[in-house]
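Chain and residue survey
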Amino acid sequence: MAQSSGKGQEETRVAILVYDGVTLLDVAGPAEVFQEANRFGAHYKIVLVSPTGGDVVSNLGVKIAVDGSVTDTPPADTFLVAGSDLFPRNPVPWDLADATRVPVAAARRVASICTGAFVLGAAGLLDGKRATTHWKVTHVLAARCPTVQVDKDAIYVKDGSTYTSAGVTAGIDLALALVEEDLGADVARDVARHLVVYMQRAGGQSQFSAPLQGPPPRSPALRTITDLVTANPGGNYSLGELAKHLNVSTRHLTRIFHDELSTAPARYVESIRFEMARALLDQGHTATQAAVRAGFPNYESMRRVFAKKLSMSPSAYQRRFGTTRRA
C-alpha cells in the first residue's frame, strides 16, 4: 500500500511490538522516522502493542504505555518487532514469539530491529530467509535458526516482505528505507536531513565491530602465529616462512588453518594487520603511520584491505570513528 501525499489520505498503521526489557532506542528510533515523515506528506499512525496489552518497562527502566495487545488493535500495514539484550543470552519466551504470528499474517510487511530478529526467528518467521541482526550475535542467530541465511555485515536485509536490521540505530536506516518505499527518495532524504542522519551510511556493520573479535585459536601453532605477527607485524610471514618457524610442512599448516579458522595463512596474517591498523587509527595515528606500524608494505596495500573489509578507505574510517570532537 504505497502512500502519496494529499488530503484525505487514509492513515497507514505502523505497529511496534514492545515487551519488558525492550531496548528503548529500538522503539524510539524508527518511530521518530515515521513521525518525522508525517511532516512531509506521510500519514503514518504509530501504535505500540504488547503481547497482553499491558504497559511494559524498557531496558532503561522507562515505562512504555501501549495502545493495546497484538490481538485487540486493528491490523497494521507495517509490523515492527523491537529488540532486547535479553534474547541473545536467553531463549525467546513462547508467548512473545507467538504474539508475532497473528499481526504478521495480517501485515503487508514485517520488520525486526536489532535482536528483534531472535523473536521472528523463534516464531519461525525467518525460516528459509536471509536476515541480519547485531554484528556481535549474528553467530548466535545462525546457530538458533539453522535454516536462516544470516548476513553478518548488512545494515538491513529485505527478503520478500520481511525485513531485518542490524544493531540499534540501524533501525533508523531501515525505517528510512521503508519510508522511501512508500513515499520516494525525496521524502526519505528530507526526513534524514531533519534528523541529521545519513540516508544511507557507507559500508556494512563490520565497520562497527570490535577489533580481534572472537576467541583465540585453539591450536598452539596458530596461537604462536598470532603472537608472532602481533609482536612484529612487519615480518616476513609467507607460507614457507611460517611453516619453517613452526617446523611443520606447508601442507600441514594450511590444513590447520582451514580446519580451525576456515581461512588461509596469508588471509589470517592480513586480518591481524588490518585489526592492528584499525586500532591505530582509533588512537589517532595517521593512515600512513598505521600502515607502517601494522606491517603493511605501503598505504595502498592497507587501503585495498580496508576497501575489501569495510567498503571505505582508512581515512574515511578514521573520520567516522577516530573521535567525537569536531575540527
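Note that the structure is predicted; figures quoted are calculated from it, not measured.

This part covers the overall build of the chain. Across its full length, the chain holds 15 helices and 11 strands. Here the chain holds 327 residues, and the buried ones make up 48% of them. In the chain, 64% of the contacts between residues at least 6 apart in sequence involve partners at least 24 apart.

Attention now goes to helix H12 (residues 265-282). Two residues of an α-helix separated by three or four positions point the same way, owing to the 3.6 residues in each turn. Taking 1.5 Å per residue as the helical rise, H12 with its 18 residues ought to reach 26 Å, and the 26 Å between its terminal C-alpha atoms agrees with that figure. Counting buried residues along H12, 13 of its 18 residues qualify, which places the element largely inside the surrounding structure. Of the residues flanking the end of H12, it is Gly 284, one or two places downstream, whose phi is positive at about 105°.

It is worth spelling out the pairing of strand E7 (residues 109-112) at this point. What you see with E7 is no split at all: Arg 109 and Ala 111 on one side and Val 110 and Ser 112 on the other are buried throughout. Both strand E6 (residues 78-81) and E7 contribute to a ladder of 4 bridges, which runs parallel. Directly across from Leu 80, in E7, lies its bridge partner Ala 111. Both E7 and strand E11 (residues 162-165) contribute to a ladder of 3 bridges, which runs parallel. Residue pairing for E11: Ala 111 is matched across the bridge by Tyr 163.

A separate point is the packing of helix H1 (residues 24-37) against helix H8 (residues 185-195). Each pair of packed helices can be summarised by the angle the axes make with each other and by the distance between the axes. Packing of H1 against H8 leaves a shortest axis separation of 9 Å and a crossing angle of 120°. Classified by the interaxial angle, the pair formed by H1 and H8 is oblique. Judged by the twist between their axes, the crossing of H1 over H8 is right-handed. Side by side, H1 and H8 meet where Glu 32, Val 33, Glu 36 and Ala 37 of the first sit next to Val 191, His 194 and Leu 195 of the second. The residue inventory of the contact of H1 with H8, partitioned by class, reads 4 nonpolar, 1 polar and 2 charged.

Here we take up the sheet that holds strand E5 (residues 68-69). One open sheet accounts for 7 strands, arranged E5-E2-E1-E6-E7-E11-E10; its pairing is mixed. Pairing within the sheet leaves two strands with one partner each, and these edge strands are E5 and strand E10 (156-159). Both strand E1 (residues 12-17) and E6 contribute to a ladder of 4 bridges, which runs parallel. If you follow Ala 15 over to E6, its bridge partner there is Phe 79. Here H1 sits on the sheet and contacts E1, strand E2 (44-50) and E6; the angle it forms with E2, its principal contact strand, is near 155°.

As enumerated under the stated definition, the model contains 14 salt bridges in all. As a salt-bridge pair, Arg 39 and Glu 36 come within 3.0 Å of each other at their nearest N and O atoms. Residue classification places Arg 39 among the exposed positions, given a relative accessible area of 56%. Residue Arg 303 is joined to Glu 300 by a salt bridge in which the shortest nitrogen-to-oxygen separation is 2.6 Å. Here the residue Arg 303 and the residue Glu 300 both occupy positions in helix H14 (residues 299-310), the gap between them amounting to 3 residues, near one helical turn. Because the salt bridges share partners, they merge into one network encompassing Asp 77, Arg 108, Arg 109, Lys 158, Glu 181 and Asp 182.

Moving on, we come to the packing of aromatic side chains. The full count for this structure, using the stated rule, is 5 aromatic pairs. When the ring of Tyr 19 is compared with that of Phe 87, the centres are 5.6 Å apart and the planes differ by 45°; the resulting orientation is tilted. Taken together, the residues Tyr 19 in the loop between E1 and H1 and Phe 87 in helix H2 (residues 86-89) connect sequence positions 68 residues apart. Judged on exposure class, the residue Tyr 19 and its partner Phe 87 are both buried. Centre to centre, the rings of Phe 306 and Tyr 317 are 6.0 Å apart; their planes meet at 65°, and the pair counts as edge-to-face. Of the two residues, Phe 306 sits in helix H14 while Tyr 317 sits in helix H15 (residues 314-321), which places them 11 residues apart along the sequence. No difference in accessibility class separates Phe 306 from Tyr 317, as the two residues are buried.

All right, on to the nonpolar core then. One finds Ile 16, Leu 17, Phe 34, Tyr 44, Phe 79 and Val 179 to be the most contacted residues of the largest nonpolar core, which totals 62 residues. Counting residues per element, this core draws most heavily on helix H7 (residues 170-183), at 7 residues. In this view, Phe 34 contacts Val 14, Tyr 44, Ile 46, Leu 80, Ala 175, Leu 178 and Val 179; residues no more than four positions away in its chain are not counted.

Let us now look at the side chain of Arg 273. Here Arg 273 lies in helix H12. Despite its burial, Arg 273 remains without a salt bridge, the nearest opposite charge being carried by Glu 270 at 7.8 Å. Only 3.4 Å separates the side chain of Arg 273 from the backbone oxygen of Gly 295, close enough to count as a polar contact. Once residues lying within four places of it in the same chain are set aside, the contact partners of Arg 273 are Pro 233, Gly 234, Gly 235, Tyr 237, Ala 294, Gly 295 and Phe 296.

Here we take up helix H11 (residues 250-261). Given a rise of 1.5 Å per residue, 12 residues ought to cover 16 Å, and the 16 Å separating the end C-alpha atoms of H11 matches this to within 8%. For H11, the set of buried residues is Leu 253, Ile 256, Phe 257 and Glu 260. An end-on view of H11 places all buried positions within 95° of arc, on one side of the element. The outward face of H11, more than 90 degrees from its buried face, is lined by the exposed residues Arg 251, His 258 and Asp 259. Summarising the contacts, the buried residues of H11 are in contact with helix H9 (220-231), helix H10 (239-246) and H12. Ser 262 occupies a position one or two residues after H11 and carries a positive phi of about 55°.

Calculation criteria
- Residues numbered from 1 in each chain as written.
- Predicted model: local features only at pLDDT ≥ 70, side-chain atom pairs only at ≥ 80, totals over all residues.
- Heavy atoms only, no water.
- Helix = DSSP H or I, 4+ residues; strand = E, 2+ residues; numbered from the N terminus.
- Buried < 20%, exposed > 50% of the residue type's maximum accessible area, 1.4 Å probe, protein only.
- Contact = heavy atoms within 4.5 Å.
- Expected span 1.5 Å × (residues − 1).
- Pairing = 2+ DSSP bridges.
- Axes fitted to C-alpha atoms, helices over the stretch in contact; angles between N-to-C directions.
- Parallel < 35°, antiparallel > 145°, perpendicular 65-115°, else oblique.
- Left-handed = near helix turned anticlockwise from the far one by under 90°.
- Nonpolar A, V, L, I, M, F, W, Y, C, P; charged D, E, K, R; others polar.
- Salt bridge = Lys/Arg side-chain N within 4 Å of Asp/Glu carboxyl O.
- Phe/Tyr/Trp six-rings, centres within 6.5 Å; stacked < 30°, edge-to-face > 60°.
- Core = buried A, V, L, I, M, F, W, Y, C linked by side-chain atoms within 4.5 Å.
- Lys, Arg positive; Asp, Glu negative; His and termini not counted.
- Polar contact = N/O pair within 3.5 Å; in protein donor to acceptor, adjacent residues only side chain to side chain.
- Arc of directions from axis to C-beta.

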